[in-house]
Amino acid sequence: MAKTPFDFLEGLTKKELIELDACTRCNECLNWCPVQDVTDDPNISPPARLHAYKGYIERTHTLKGKLFPSKQVSDEELKGFKDSLWKCALCGTCGEVCTVGIDTKKLWWTLRRKFAESALGCPEALEKGPLANYHKYRSPFPFPLTNKYKIWMPDDIELADQAEIGFYEGCGCTWDAPQMAEGAVRLFNAAGPFTMLDPEESWCCGFPQAAGSGEWSIMAELANHMVKAFADKGIKRLAVSCPMCLDIMKYLWPYFYGEELPFRAMTTAELLADLLDEGKLKFTKRAEETVTYHDPCAMARPFMGKAVLDAPRKLLNAVPGLKLMNMDRHGTVSRCCGGSAGERVVNSDISAKIARELFLEAKKSTAGTMLTNCPVCYLNLVTKTHAAPNPVVEQWRAVEDPLRINDLTQYLAALL
Amino acid sequence: MLLCKVHLEGFTPEEKEILDTMFFHPYDKLEEYDGKLIMNYGSGELCLGTNDFGEDCKHCRYVPVVVRRILQRQEHFEFGKKQA
Amino acid sequence: MVEEFWNIPHGVVNGFYLLAGATIVIFVLGFWDKLRLWSQGMDADQELKGMGPLALIWLSITKFFSSDCFVAKRLFRRSTIRGVMLVGIMWGMLALFLGTTGRTINYWFVPWLKGGIWYLFSFILDIAGLAVLVGCGFGLYRKYISKPERMVKSTQDGVLLGLLFLATLTGFLVEGARIAVLNPPAADLSPVGLAFGVITRSLLGREALLSVHLGFWVIHFLLAFSFIAYVPFSKYEHMFASQISGFLFEEKSKKREIPKDWVYQDEILRRKQERQNSVDVKPSA
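Worth saying up front: this structure is predicted, and the values here are computed from it rather than measured.

The rules behind each value
Along each chain, residues carry numbers from 1 onward, in the same order as the chain's sequence is written. Throughout, the order in which chains and ligands are written sets their labels, letters from A for the former and numbers from 1 for the latter. Residues qualify for local features only when their pLDDT is at least 70, as the model is predicted, and side-chain atom pairs are given and counted only at 80 or more; totals for whole chains, interfaces and linings, by contrast, use all residues. Values reported for side chains reflect all heavy atoms of the structure, with hydrogen atoms and water molecules removed beforehand. In this description a helix means any DSSP run of H or I spanning at least four residues, a strand means any run of E spanning at least two, and both kinds are numbered starting from the N terminus. We compute the radius of gyration from the C-alpha atoms alone; for a globule the expected value is 2.2 Å times N to the 0.38, where N is the number of residues. When accessible area is computed with a 1.4 Å probe and restricted to protein chains, residues below 20% of their type maximum are described as buried, those above 50% as exposed, and intermediate ones as partly exposed. Pairs of residues are marked as contacts when any of their non-hydrogen atoms sit within 4.5 Å. To be clear on the numbers: accessible area is Shrake-Rupley with a 1.4 Å probe, and residue cover counts the displayed protein chains and nothing else. Accessible surface is computed with a 1.4 Å probe, and the buried area is the amount of it that two parts give up when combined, taken over both parts together. Any carboxyl oxygen of Asp or Glu within 4 Å of a side-chain nitrogen of Lys or Arg constitutes a salt bridge here. pLDDT measures how confident the predictor is about each residue, on a scale from 0 to 100. Here a polar contact means two N or O atoms within 3.5 Å. Within protein one must be a hydrogen donor candidate and the other an acceptor candidate, and residues neighboring in sequence count only if both atoms are side-chain atoms. We score Asp and Glu as negative and Lys and Arg as positive, and we do not count His or the chain ends. Here a pair means two rings of Phe, Tyr or Trp (six-membered ring of Trp) with centres within 6.5 Å. Their orientation is stacked below 30 degrees between planes, edge-to-face above 60, and tilted elsewhere. Residues grouped as a nonpolar core are buried Ala, Val, Leu, Ile, Met, Phe, Trp, Tyr and Cys residues, joined through side-chain atoms within 4.5 Å.

Before going further, it helps to spend a moment on the overall build of chain B. Broken down by element type, chain B carries two helices and three strands. Tracing chain B from N to C terminus, the helices and strands come up as β-α-β-β-α. A compact globule built from 84 residues should have a C-alpha radius of gyration of about 12 Å, and chain B, at 12 Å, falls within 12% of that. Expressed along its principal axes, the backbone C-alpha trace of chain B runs to roughly 30 × 25 × 25 Å. Relative to its 84 residues, chain B shows a buried fraction of 55%. Relative to all contacts within chain B whose residues are 6 or more apart in sequence, the contacts with residues 24 or more apart total 67%. Carbon and sulfur atoms make up 51% of the accessible area of chain B, which amounts to about 4000 Å² in all.

A few words now on the overall build of chain C. Within chain C one finds 11 helices and zero strands. Ordered by position from the N terminus, the helices and strands of chain C form the series α-α-α-α-α-α-α-α-α-α-α. Taken against the 2.2 N^0.38 rule, which gives 19 Å for 285 residues, the C-alpha radius of gyration of chain C at 25 Å runs more than 25% over that of a compact globule. Principal-axis analysis of the C-alpha atoms places the extent of chain C at approximately 100 × 45 × 35 Å. Looking at chain C residue by residue over its 285 residues, the buried ones come to 46%. Within chain C, counting contacts between residues at least 6 apart in sequence, those at least 24 apart form 70% of the total.

Our focus in this paragraph is the interface of chain A and chain C. Taken together, the 69 residues of chain A in the interface contact 58 residues of chain C. Taking both partners together, chain A and chain C bury about 5600 Å²; carbon and sulfur atoms supply 55% of that area. Our enumeration of links across chain A and chain C arrives at nine salt bridges. Within the residue set of the side of chain A that touches chain C, elements represented by two or more residues are α1 (14–22), α2 (34–39), α3 (46–61), α4 (63–67), α6 (93–97), α7 (104–117), α12 (219–232) and α14 (253–257) of chain A.

So, about the confidence of the model for chain C. Low-confidence regions, as indicated by low pLDDT, have predicted coordinates that should not be scrutinised in detail. Counting all residues, the mean pLDDT for chain C is 91, and 96% of those residues have values of 70 or more. Put simply, helix α11 (residues 265–281) of chain C is where chain C has its lowest mean pLDDT, 88, and helix α2 (residues 53–64) of chain C is where it has its highest, 96.

With that out of the way, let us pick up the interface of chain A and chain B. Where interface size is given, it is often the accessible area lost as the parts come together that is meant. Every contact between the two is made by 41 residues of chain A and, on the other side, 27 residues of chain B. For the pair chain A and chain B, the two sides together bury roughly 2700 Å², of which 52% comes from carbon and sulfur. By the criterion of area lost to chain B, the three top residues of chain A are I151(A), R397(A) and R404(A), representing 20% of everything that side buries. Where chain A packs against chain B, one counts three salt bridges. Between R69(B) and D155(A) there is a salt bridge, with the nearest N and O atoms lying 3.0 Å from each other. Remark: the boundary between chain A and chain B carries 14 residue pairs in polar contact (both at pLDDT 80 or more). Looking at the side of chain A that touches chain B, the elements that each hand over two or more residues are α9 (170–176), α10 (178–191), α20 (375–383), α21 (391–398), β7 (404–407) and α22 (408–413) of chain A.

Turning our eyes to something else, we now look at the side chain of E96(A). Considering the arrangement of structural elements, one finds E96(A) in helix α6. Within the buried core, E96(A) has no salt-bridge partner, and the shortest N-O distance to an opposite charge, that of R74(C), equals 5.4 Å. Excluding its chain neighbours within four sequence positions, the residues that come into contact with E96(A) are R301(A), T332(A), V333(A), R74(C), R78(C) and F249(C).

What follows is about the environment of I24(C). Residues and elements named next belong to chain C. By the secondary structure assignment, I24 is in helix α1 (residues 10–39). Taking relative accessible area as the criterion, I24 reaches 53% and is therefore assigned exposed. With 12 residues separating them in the primary sequence, I24 and R36 have C-alpha atoms 18 Å apart.

For A119(A), the position within the fold is in the loop between α7 and α8 (124–137). Sequence separation of A119(A) and F6(A) is 113 residues, and the distance between their C-alpha atoms is 7.3 Å.

Because each turn of an α-helix spans 3.6 residues, side chains separated by three or four positions end up pointing in the same direction. Along helix α17 (residues 310–317) of chain A, the positions that sit buried rather than exposed are A311(A), P312(A), R313(A), L315(A) and L316(A). In this structure, the buried side of α17(A) is in contact with α15 (268–277), β4 (290–293), α16 (297–300), β5 (323–325), β6 (369–372) and α22 of chain A.

Here we take up the packing of aromatic side chains. Tallied over the full model, the rule gives 56 aromatic pairs over all chains. Judged by centre distance (5.8 Å) and plane angle (65 degrees), the rings of W109(A) and Y251(A) are edge-to-face. Of this pair, W109(A) sits in helix α7 while Y251(A) sits in helix α13 (residues 243–251); the two residues are 142 residues apart in sequence, bridging distant segments of the chain. Judged by centre distance (5.1 Å) and plane angle (75 degrees), the rings of F143(A) and F24(B) are edge-to-face.

Once that is clear, we can look at the pattern of salt bridges. The tally for this structure, following the rule as stated, stands at 55 salt bridges over all chains. Here E259(A) and R275(C) are joined by a salt bridge, their closest N and O atoms 2.7 Å apart. Taken together, the residues span two chains, with E259(A) in the loop between α14 and β3 (264–267) and R275(C) in helix α11. For E259(A), a relative accessible area of 31% translates into the label partly exposed. Looking at R275(C), the relative accessible area reads 16%, which means it is buried. For D277(A), the salt bridge is made with K314(A), and the minimal N-O distance between the two is 2.6 Å. With D277(A) in helix α15 and K314(A) in helix α17, this residue pair connects regions lying 37 residues apart in the sequence.

Attention now moves to the nonpolar core. Residue and element names in this part refer to chain A. In terms of nonpolar packing, the biggest core is built from 203 residues, with W109 and W253 touching the most fellow members. Broken down by element, the residue count for this core peaks at eight residues, all from α12. The residues contacting W109, other than those within four sequence positions of it, are L90, F207, A210, A211, W216, I248, Y251, L252 and F303. By size, the runner-up hydrophobic cluster in this structure holds 10 residues, among which are C33, C297, C336 and I350.

Listed below in structure tokens is the structure:
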């Protein structure tokens, strides 16, 4: 699409304009922001970002700006703002703890979109990576979709042609955390018939492009294709292994599809918990240990709807012998793993440092295993794979794990 | 997870093709030698055949199914860097 | 009994009204401009759909009195002490605003501040002033003395808090000087004003008190007007915006309608139309 000059007001909603004025600079969010934890730079904090953007609008669109014209917003200022915007991992903790309820996660998305649509664009690494890959392969990864299930699909799993229960593994699970997809299909297989899209039909959900790169122009085509594909399979309840896929499915898919989705999308953990209630799933093996659960940001602080906090815990509590304990920061204020929304690609050093903070938090608990349920957490915490070589990442990779870390579904699949 | 540097052998061309689409980040690139491959997955201490859940390579939950399939056919296991 | 413009020469009173008018004009213009800007935003959120400036200010007023905003629920979740201080400033300022309006009505229109009502009125405003003074004092202490570990530095924040603190302090000094000179019976029900009165009387004679009273009266209204005029151009706009953001955030976790009338509308509608057409042409089973 044609790139336009930057108009600060265009495309912002009433709610977002009000939010820019709502910040009291109480500085509460700085105490919770994972980027602040590792950079200690208030200039890239949420209040600083809100204040700066509000200033740009005031300079260009208000009476004050017209009566007392100050210098134009320079390219340097905008470049600094853009850097700050992409130093954020979009974990949404700032909005959760915000004393006046600013929905920052959505606001950062909007501002990223504005940059991507303008001549200033998104960071080059994202433009050339996930975005270019999407245009070529319909995936953020540089590979055709054809063989994707072969990476992780066990030989003994049979997919139904049509079924009420569907499973969407998401690109991140396939290429970055195939262990999660394997665990989920083993569990669904044990609970009854389920189906999945044919690999070529199973496009990306749009999160890496829309959130990471800020490119929303792909969403209408994508949502229409995917919704039709799921509906054609007869799916009524769709489990999504990646919480970020689900987040965008609930937030942007219905908008870009133009109406409510014809199926109920939920996290893998939620659908498995439902199957547990329906008596279709049972864990027979004992697990004599104490585990802790890390709530991934997209489940703890979703764009829309309630946080998914109980379902994973319900599953773990159903395992004989297993003891579950919570970390100090859990639930809606759980820590960020530092991996999401382009952070690993654009600022791998910040990303690795944030992951280390979560490790230190987990280390404080007496649990033997930390479980989580997100491919990005998996990548940043378990395999510690980063997109760019970097001394900070090297250092992070050399740290020995203080405890075992694994994906919830893979852990549970071993207990069937 | 521990750093997996298990040597893979006896894989089919199709499996090799799939493996090539997987380990592409700078930190998990596969190393090739004498028609074999060396895994480079995970971090920290080198794993010598038993993961932190006590599982051997053939049943290791951390390695993707495609790799486990190769390992389940394999009889000899080597770990670490290739010999000079 | 209430005494308006005691010890204030006519010329100063005229200046006061002139500046009050100018302040109101600046405030209204600035605030209207802000409301106009808000209403220019897109209508993606159903809760704000089609709202113009007047509807937005009405929403802002009604949500101010919502249980979430009026007792600063979200702030209390994070810090009790800061919650208490905010509520002190918020309720205190509201009481002072209503009180000033009440006195204006009393002076110009209907004299209603008499007897017991006046004593109660006097007492409430005295406590309201104290709440604002202590709240602002705490804010300044937190900002400049205890200093949170992480903080976005901003001169504006200090200026705003300072203005409000000094405006309230000078208000008490004026009241104190007046009480010191007149020793009115209602002083017993203005404990803070009385305390200031006792202190000033012990330090100054009658003539000096009269000068001090006039001087601080002028400083007080200059500070108060500066503060009011500054509100729509500063972060204190949050007093109109944050109750709306807080309300919408709470709505988020409930069932919400999907956004509408937002970006990429043409393409979305075109695709939806194509989809419906393709369903229409399908032969019936």
